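Results of the structural survey
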Amino acid sequence: MFSKDTQILLCISSNVSEQENIRNLINGDRNCVFVKSEREALALLKSRLRPSLILLDLDYPGNDYFTLFSRLKSDPVLENTPVIILIPEDSGKEAFFLTIGAADVIRKPLAQEVLNRRIDNVINSQYVNDYLITKMYSYRDSLAEEHKKLVIYTKQIIKSLSSAIDAKDTYTNGHSVRVAEYACEIAEAMGYDDKMLEIIYQAGLLHDIGKIGVSDTVLRKPGELNEKEMAAIRQHPIIGHEILSSITEIPLISYGARWHHERYDGKGYPDGLKGEEIPLIPRIICVADAYDAMTSNRSYRRQLSPLEAREEILRNCGTQFDPEIGKIAASIIEKNISGEISFKNRETTFTSIFSPSNNKALYA
Ligand SMILES: [Fe+2]
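As a further point, take the coordination of the iron ion. On the protein side, the iron ion has Asp-208 (OD), His-236 (NE2), His-260 (NE2) and His-261 (NE2) as donor atoms, found 2.1 to 2.3 Å from it. Given four donor atoms and angles of 85 to 172° at the metal, the environment of the iron ion is assigned as irregular. For the iron ion, all donor residues lie on one chain, and their spacing in sequence is D-x27-H-x23-H-H. One end of the pair, Asp-208, is in the loop between α7 (194-205) and α8 (216-219); the other, His-236, is in helix α10 (residues 236-244), and 28 residues separate them in sequence. Here the two residues Asp-208 and His-236 agree in accessibility, since each one is buried.

If you want it as structure tokens, here you go:
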């Protein structure tokens, strides 16, 4: 199957007459190198000899078969090199060596045709194996590269969508990114792992996506909204949830859109959920959203300082906000004001939820 000119057979046998016997039996078109011991074999390997196959002759007394074989298989250079073991006629070790990884075991006396055919079989199998492994690594690398591009592309689409939302409402430029980042700060302080933080980040970016379905006139109205306009605004969580429900792989992302205007006391909208009936992600986004709204410049009300917004959050713990999440947010804001921590830019940090191995249990 493959050229024998490039094949090197390394034969380890301490018995000189057996070496001679093997030399005579192996077909002349093979390159054979004979050594008397494992030490000599390893010295040869250090000189960059790369055999296609090792023939290990165990037909001599006092040899520690298992140790010798194990050393050969644990050598980093040799671990994938097939080993054929030649055993005495009366040895009962055939099954044992096959079990621990010998490519083949040949019982003596050696017959020329059988020996050469079995060497052929082992070398051919090894070539096919090596070829498949090389191909597999090559496909894996190109898949990883394609996956990396897809992750960047997906993140760019989500970012573009969040920019489109913010562009609709002139008063909320950059709001979605800030809400995503604040929500992540809170979730991180609550001890959630990177995978969860990434879901919260994406949910934060898209929490107001339903505003795409609300008229610009209502969204951009500088003054107080009338009842009808308020009803239109209150539709955006439902519209957003419908838009994001098509992301079936990560359903938690749509939760942020649907329930970020619910209140802990049950007086929010659109579903009037109360306490922990409201899923965790929207409970976190709700605080982040309120903090950004309070500290941003809007025409219809005065911009609050971070300290004032912190007090407002604490004042509304247990009514508007989940008390635990509100207190954690207040602590983060306090540390941010004092310079102890700064809010991180997480835009490029996440990749795991787009990984094929993402944890479905998270989304149950
Ligand atoms: Fe909203």
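Along the chain, Ser-52 turns up in the loop between α2 (38-46) and β3 (53-57). The class for Ser-52 is buried, based on a relative accessible area of 15%. Contacts of Ser-52, omitting those with residues within four sequence positions, involve Thr-6, Gln-7, Ile-8, Thr-81, Pro-82, Ile-123 and Tyr-127.

This next bit is on helix α1 (residues 16-25). Three or more residues of α1 are buried, namely Glu-18, Gln-19, Ile-22 and Leu-25. For α1, the buried positions fall inside an angular range of 130° around the axis, keeping them on one side. Seen from the open side of α1, the exposed residues pointing more than 90 degrees away from its buried face are Val-16, Ser-17 and Asn-24. Along its buried surface, α1 packs onto β1 (8-12), β2 (31-35), β3, β4 (83-87) and α5 (112-168).

Before going further, it helps to examine the packing of helix α12 (residues 280-295) against helix α14 (residues 323-337). Helix packing geometry: the angle between the two helix axes and the distance between the axes. The N-to-C vectors of α12 and α14 enclose an angle of 40°; their axes lie 10 Å apart at closest approach. Overall, the two elements α12 and α14 adopt an arrangement that is oblique. As α12 runs across α14, the sense of the crossing is right-handed. In this structure, α12 contributes Leu-280, Arg-283, Ile-284, Val-287 and Tyr-291 to the contact, and α14 contributes Ile-325, Gly-326, Ala-329 and Ile-333. Its residues placed into classes, the contact of α12 with α14 shows seven nonpolar, one polar and one charged.

The next thing to look at is the domain arrangement of the protein. With domains assigned, the protein is organised as domain 1 (8-138) and domain 2 (169-363). Once you take the C-alpha centre of each, domain 1 and domain 2 turn out to be 66 Å apart.

A few words on the packing of aromatic side chains. Taken as a whole and judged by the stated rule, the model has three aromatic pairs. Both rings, one in Tyr-255 and one in Trp-259, keep their centres 5.4 Å apart while their planes meet at 70°; by these two values the pair is edge-to-face. Note that Tyr-255 and Trp-259 are positioned in helix α11 (residues 252-259) at a spacing of four residues, about one turn of the helix.

Turning next to unusual backbone geometry. For the bond running from Lys-108 to Pro-109, omega is 5°, close enough to zero to count as cis. You can see Pro-109 is positioned in the loop between β5 (104-107) and α5. Cis geometry marks the peptide bond from Tyr-269 to Pro-270, where omega comes out at 10°.

Attention now moves to the confidence of the model for the protein. This prediction gives the protein a mean pLDDT of 87; 91% of its residues lie at or above 70. The model gives residues 358-364 a pLDDT under 50, and that stretch makes 16 contacts with residues more than four places away or in other chains.

A word on the pattern of salt bridges. Summed over all chains, the structure comprises 19 salt bridges. A salt bridge links Lys-168 to Asp-216; the shortest N-O distance between them is 2.6 Å. Of this pair, Lys-168 sits in helix α5 while Asp-216 sits in helix α8, and the two are 48 residues apart along the sequence. The exposure class assigned to Lys-168 is buried, which follows from its relative accessible area of 16%. For Arg-315, the salt bridge goes to Glu-312, with nearest N and O atoms at 2.6 Å. With Arg-315 and Glu-312 both in helix α13 (residues 306-315) and three residues apart, the pair spans about one turn of that helix. Looking at Arg-315, the relative accessible area reads 58%, which means it is exposed. Judged by relative accessible area, which is 25%, Glu-312 ranks as partly exposed.

What counts, and at which threshold
- Note that residues are indexed from 1 along each chain, following the sequence as it is written.
- Where totals are concerned, whole chains, interfaces and linings use all residues; where local detail is concerned, this predicted model gives features only for residues with pLDDT of at least 70, and gives and counts side-chain atom pairs only at 80 or more.
- Neither water nor hydrogens contribute to the side-chain values; these are computed over all heavy atoms in the structure.
- Because water is not among the atoms used, a metal site may look incomplete, as its donors are only the N, O and S atoms within 2.8 Å, or 3.2 Å for Na, K and Ca.
- Under this scheme a four-donor centre is tetrahedral when all angles range from 85 to 135 degrees, a four-donor centre is square planar and a six-donor centre octahedral when opposite donors are above 155 degrees with the rest from 65 to 115, and any other centre is irregular.
- Only DSSP runs of H or I covering at least 4 residues are called helices, and only runs of E covering at least 2 are called strands; the numbering of each starts at the N terminus.
- Relative accessible area decides the class of each residue, using a 1.4 Å probe on protein chains only: under 20% of the type maximum gives buried, over 50% gives exposed, and in between gives partly exposed.
- Pairs of residues are marked as contacts when any of their non-hydrogen atoms sit within 4.5 Å.
- The reported arc concerns the directions from the helix axis to the C-beta atoms and nothing else.
- Interaxial angle, 0 to 180 degrees, is taken between N-to-C directions of lines fitted to C-alpha atoms, where a helix line uses only the stretch in contact.
- Note on terminology: angles under 35 degrees are roughly parallel, angles over 145 are roughly antiparallel, angles of 65 to 115 are roughly perpendicular, and the others are oblique.
- Crossing handedness: left-handed means the near helix sits turned counterclockwise from the far one by under a right angle, and right-handed means the same turn made clockwise.
- For this classification, the nonpolar set comprises Ala, Val, Leu, Ile, Met, Phe, Trp, Tyr, Cys and Pro, the charged set comprises Asp, Glu, Lys and Arg, and every other residue, Gly included, is treated as polar.
- The domain limits used here are those given by an automatic or database domain assignment.
- Ring geometry is summarised as follows: Phe, Tyr and Trp rings, the Trp one being its six-membered ring, pair when their centres sit within 6.5 Å, and such pairs are stacked at plane angles under 30 degrees, edge-to-face over 60 and tilted between the two.
- A residue's pLDDT is the confidence the predictor assigns to it, expressed on a 0 to 100 scale.
- Just to be clear on terms, a salt bridge is a Lys or Arg side-chain nitrogen sitting within 4 Å of an Asp or Glu carboxyl oxygen.

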